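This is what each chain is made of:
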Amino acid sequence: MPAELNWHELMPFTHLLVHNLHYIALAFMVVAYTIKIWSILKKPAAREGTPAKGDHKKAIQYSFLLLARPDEMESTRKQWYRWIEFAVFHVAMAVGIAVAFTMPWAHEAMKGSFIVYFQQGIFGIAALIGISRLVRRITRADMRAISTPDDYFCLILLTLWMGSGVMNAPQTSEFWLLSYFSMATFFLFYVPFSKISHYICWPFMRYYMGKHFGHRGVYPKKRIAGA
Amino acid sequence: MAMSEKAKEFNQLFKERLNRQHVLSLTACAHCGMCNDSCHYFLADNDPKMTPAAKADSIRGIYKGHYDWLGKIVPFWVGSRQVKTDEDLERLKDVVFGSCTGCRRCTINCPFGVDMAGIVSLTRSCLVDVEVAPEGVLTVMKDQWETGNQMAVSKEDYLETLEWLEEEVQMELDDADFKVPIDKEGSDFVFVINPREVKYAPLSLQAAFKIFHVAGLDWTMPSEGWDNTNFGLFSGKADLGGHMGNLAYNHAKQLGVNRMVISECGHGFLSTKWEAPNWGKANPLPFEMISILELMVDLINTGTIILDPKKNPLPVTYHDPCNLSRSSGLTEEPRFCLKRSCLDFREMIPNRADSYCCTGGGGAMSMAEYAKKRLSVAKKKADQIRETGAAIVTTACHNCVDGLSDLIKHYDLKYEINGKSMWLPVKNVCELVADAIVIPMELPKRKPRVKEIVKPVKVLVIDDQPDIVDYLEALLQDNGYEVITAHDGDEGIEKAKADRPDLITLDVSMPGKSGVTVFHELRNTPTFEDIPIFIVTGVVDFRQLMYQKTVEAPEGFMQKPINPEVFLMTVDRLTDRTRQKVAVEESGKPA
Ligand code: SF4
Ligand code: SF4
């Protein structure tokens, strides 16, 4: 039977990390994101003064829902496996963050075998996806041409984080707990500076795209009878 | 290294002009590469520098250098870069003018919606202001500022062309009542057009006029503010964009029309309908703006015009202009018209918003330095067309007509009719609709042109290909012209001096003296400078030279293969003044 992690006898640094540093990092990330969003929103938005041809509201909805409609974009239609990769990887990231903030106080409840297997399953698949993305980024010339050191660094670190998540899920070793939480904490500090922060732009991007294309009658895609 | 003056100014302008949407597009890219296969520049030969994200990074890097937290401290880490020298600006120019048509195919395939056209346009506007831009773009912009249209057509020439077209439509419909109304106040709509239609491709105008007349519409042409194209869009310069828009809007307001109908032009529609009212602070406008495509759908739907598709029996395909399909949502209207105007309509795959760019993009035809690249990346479009097996390519944009005509020649896209192999013709949608239109009462056939000619008009044909010379000679003689021929440049100049023709048709690529040299020599000879010259050439690059004013614009231009109808129309138009003069001399009355 594997050894069990004793949450009451953690090393002082591990204790500080999971109970304090972790939250400080979260607060830092929130402040940094607020500044980032403010610096974007302080720029004036281009506005349409012409009468609208389409329906803004429907178009904005359509623009957001495209995320869940791989059949609607040629890129995701043709590269459906990348859409699945994207979906699983991002769900795993969300689960990873949720685990990082629930485990310190709900560790007993998270020892149930279903929760452990679920974590290991999703983190394991995400780690494999991370490796495949890394291989793609390194081996394909077109991907190398658009990759910065930050891109490689983030991808390697996220993959390792997911790997550590697999090992940490059964809560058997302080080493894996430390690894998992130190990487999670590092991310919270680093993310606002890196390309990973792209996701905070996503809602704004889709909103403006929907509004623009909706105004001009491009979104939602239409058909007229007999055409 | 000290920063050059131009680089300083560029950086300043770049920061000043950033808006929220630009900042988002410059911040959001995850470098996921999902858009790579969307761009025809990349697909042509898989050059990794040609992916949308790689090109956007040339601009994104500048933004990061100014604003990104890490980009300012450790630039290499996030790919930030600085524009410091004039060489940096030149490199940027090659990206934004030479490697992206702003077609937005990548945008609709990006999970974020990174707007490449938006950031390219921002960068172009800053480059134009520091005068680092293709010569052709600067020239066309200057023409629009100074003359109010991009081909510097004088008001006199514009009105004369309309008058001549009036006669053409009268003859075609055998209806002397047909008039091209000019500045008719209180009309239902004013029709704004592309100067290319006036200068080199009047068939689409003739078709539109025919449709308006048969439908019995209440319309007018404007004497001012008639150019719907707008180099403000291509150059990113909102001041020029607003100026051009306002020329058209102000004149339409004076006329008190209900609507402005925009002829088939992708960037003309996008700029006139959507962009220029914002640039020129012209909102709200007291009239509606629609495309002629929407007007035609309405006329067909209401039974105002009846079409007989049997009149267009050959297989037809349609190219979606990017500015209409991806930026204006006009994808169904052309199909609606074409499916009712021809028997065999064939879709290109992919189509509508997924269609590939023709590479003529907005104003790309004006940049001779990128013509070679433009044609090489047009491969994807050429493959699409070839696969349809169509005999006629249609589109709803004049830039696309030029772009497609060039690529059809470059990739040798042919169709066989009656055992003769011909390059595919490219037509506007309204031409097919006009061809299919059922004239309410049976009208007699077109009057032979020969009757119109009081005294034979003399045309000198200069071409080194004997079969072309023979063909043009026969075609012209059959239509009542007197023809002199020459087979090279020297002979051409000699005959021009000896016989003083009323018009010269001139090939460009000839052994010995080239057509361009002959053209310059004649233009610079005082007694010959007023003889109209009609360039008939197979040289693809010539149009670019002409658009960017590397060579002076000839009075007429046509790309081989020769379309006899367009050829005769152009000859007719260019000799119209001579006929008028002869008629006045002989009878004291205009012809
Ligand atoms: S806008 Fe069109 S030409 Fe420009 S990068 Fe995107 S796909 Fe390529
Ligand atoms: S698809 Fe969008 S986010 Fe991905 S690389 Fe292209 S522009 Fe960037």
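From a predicted model like this one, the values you see are computed outputs, not experimental measurements. (Residues numbered from 1 in each chain as written. Chains lettered and ligands numbered in written order. Predicted model: local features only at pLDDT ≥ 70, side-chain atom pairs only at ≥ 80, totals over all residues. Heavy atoms only, no water.)

Points about the confidence of the model for chain B
Residues and elements named next belong to chain B.
Here comes step 1: Across chain B, the average pLDDT comes to 91, with 93% of residues at 70 or higher.
Here comes step 2: Note on residues 442-453: pLDDT is under 50 here. Beyond four places in sequence and across chains, it has 19 contacts.
Here comes step 3: At the level of chain-chain contacts, confidence expressed as ipTM amounts to 0.96, with global pTM at 0.89. (pLDDT = per-residue confidence, 0-100. Contact = heavy atoms within 4.5 Å.)

Re the packing of aromatic side chains
Here comes step 1: Counted by the stated rule, this structure contains 35 aromatic pairs over all chains.
Here comes step 2: Put simply, the rings of Phe-123, Phe-153, Trp-161, Tyr-180, Phe-181, Phe-186, Phe-187 and Tyr-190 of chain A together with Phe-76 and Trp-77 of chain B touch in pairs and so form one group of aromatic residues. (Phe/Tyr/Trp six-rings, centres within 6.5 Å; stacked < 30°, edge-to-face > 60°.)

A few points about the packing of helix α5 (residues 113-139) of chain A against helix α7 (residues 149-168) of chain A
Residue and element names in this part refer to chain A.
Here comes step 1: Contact geometry of α5 with α7 gives a least axis separation of 8 Å together with a crossing angle of 155°. Comparing their axes, α7 and α5 come out roughly antiparallel. Crossing of α5 over α7 shows left-handed handedness. Taking contact as the criterion, the partners of Gln-120, Phe-123, Gly-124, Ala-126, Ala-127, Gly-130, Ile-131, Arg-133, Leu-134, Arg-137 and Ile-138 in α5 are, on α7, Asp-151, Tyr-152, Leu-155, Ile-156, Thr-159, Met-162, Gly-163, Gly-165 and Val-166. (Axes fitted to C-alpha atoms, helices over the stretch in contact; angles between N-to-C directions. Helix = DSSP H or I, 4+ residues; strand = E, 2+ residues; numbered from the N terminus. Parallel < 35°, antiparallel > 145°, perpendicular 65-115°, else oblique. Left-handed = near helix turned anticlockwise from the far one by under 90°.)

As for the sheet that holds strand β11 (residues 458-462) of chain B
Residues and elements named next belong to chain B.
Here comes step 1: Pairing within the open sheet is parallel, and its 5 strands lie in the order β12-β11-β13-β14-β15. The sheet is open, and its two edges are formed by β12 (482-486) and β15 (556-559), each paired on a single side. In this sheet, adjacent strand axes meet at a mean angle of 15° when their direction is disregarded.
Here comes step 2: Where strand β13 (residues 503-506) and strand β14 (residues 533-537) come together, 3 bridges link them in parallel fashion. Residue Thr-505 lies in a different strand from β14, and its bridge partner there is Phe-534.
Here comes step 3: Docked against the sheet, helix α25 (residues 489-499) engages β11, β12 and β13, running at close to 145° with respect to β12. (Pairing = 2+ DSSP bridges.)

What to know about the pairing of strand β3 (residues 259-262) of chain B
For a regular strand, the rule is simple: side chains alternate between the two faces of the sheet.
Residue and element names in this part refer to chain B.
Here comes step 1: Neither face of β3 is left uncovered, since the one carrying Arg-259 and Val-261 and the one carrying Met-260 and Ile-262 both have all their residues buried.
Here comes step 2: Bridge count for strand β1 (residues 189-192) against β3 is 4 bridges, and the pairing is parallel. Within β3, the residue paired with Phe-189 across the bridge is Arg-259.
Here comes step 3: Handedness of the crossover joining β3 and strand β4 (residues 288-291) through helix α16 (residues 266-279) is recorded here as right-handed. (Buried < 20%, exposed > 50% of the residue type's maximum accessible area, 1.4 Å probe, protein only. Right-handed = clockwise from strand over helix to strand, strands pointing away.)

Digging into the nonpolar core
Residue and element names in this part refer to chain B.
Here comes step 1: Within the largest apolar cluster, 114 residues are counted, with the highest numbers of intra-cluster contacts made by Phe-191, Phe-209, Met-260 and Phe-567.
Here comes step 2: Considering every element that reaches this core, the biggest residue donor is helix α13 (residues 203-215), with 9 residues.
Here comes step 3: Dropping the residues within four chain positions of it, Phe-191 is found in contact with Leu-205, Ala-208, Phe-209, Phe-212, Thr-220, Met-221, Pro-222, Val-261, Ile-262, Ser-263 and Ile-292. (Core = buried A, V, L, I, M, F, W, Y, C linked by side-chain atoms within 4.5 Å.)

As for a nonpolar patch on the surface
Here comes step 1: Together, Val-31, Ile-35 and Trp-38 of chain A together with Trp-69 of chain B give the surface a local cluster of nonpolar side chains, amounting to about 410 Å² of exposed area.
Here comes step 2: Among the elements that line the nonpolar patch, the one with the most residues is helix α1 (residues 12-41) of chain A, at 3 residues.
Here comes step 3: If you trace the backbone, Trp-38 of chain A turns up in helix α1. (Patch = residues over 30% accessible without salt bridge, like charges linked within 9 Å, V, L, I, M, F, W, Y side chains within 5 Å. Areas by Shrake-Rupley, 256 points an atom, 1.4 Å probe, with all protein chains shown as cover. Salt bridge = Lys/Arg side-chain N within 4 Å of Asp/Glu carboxyl O.)

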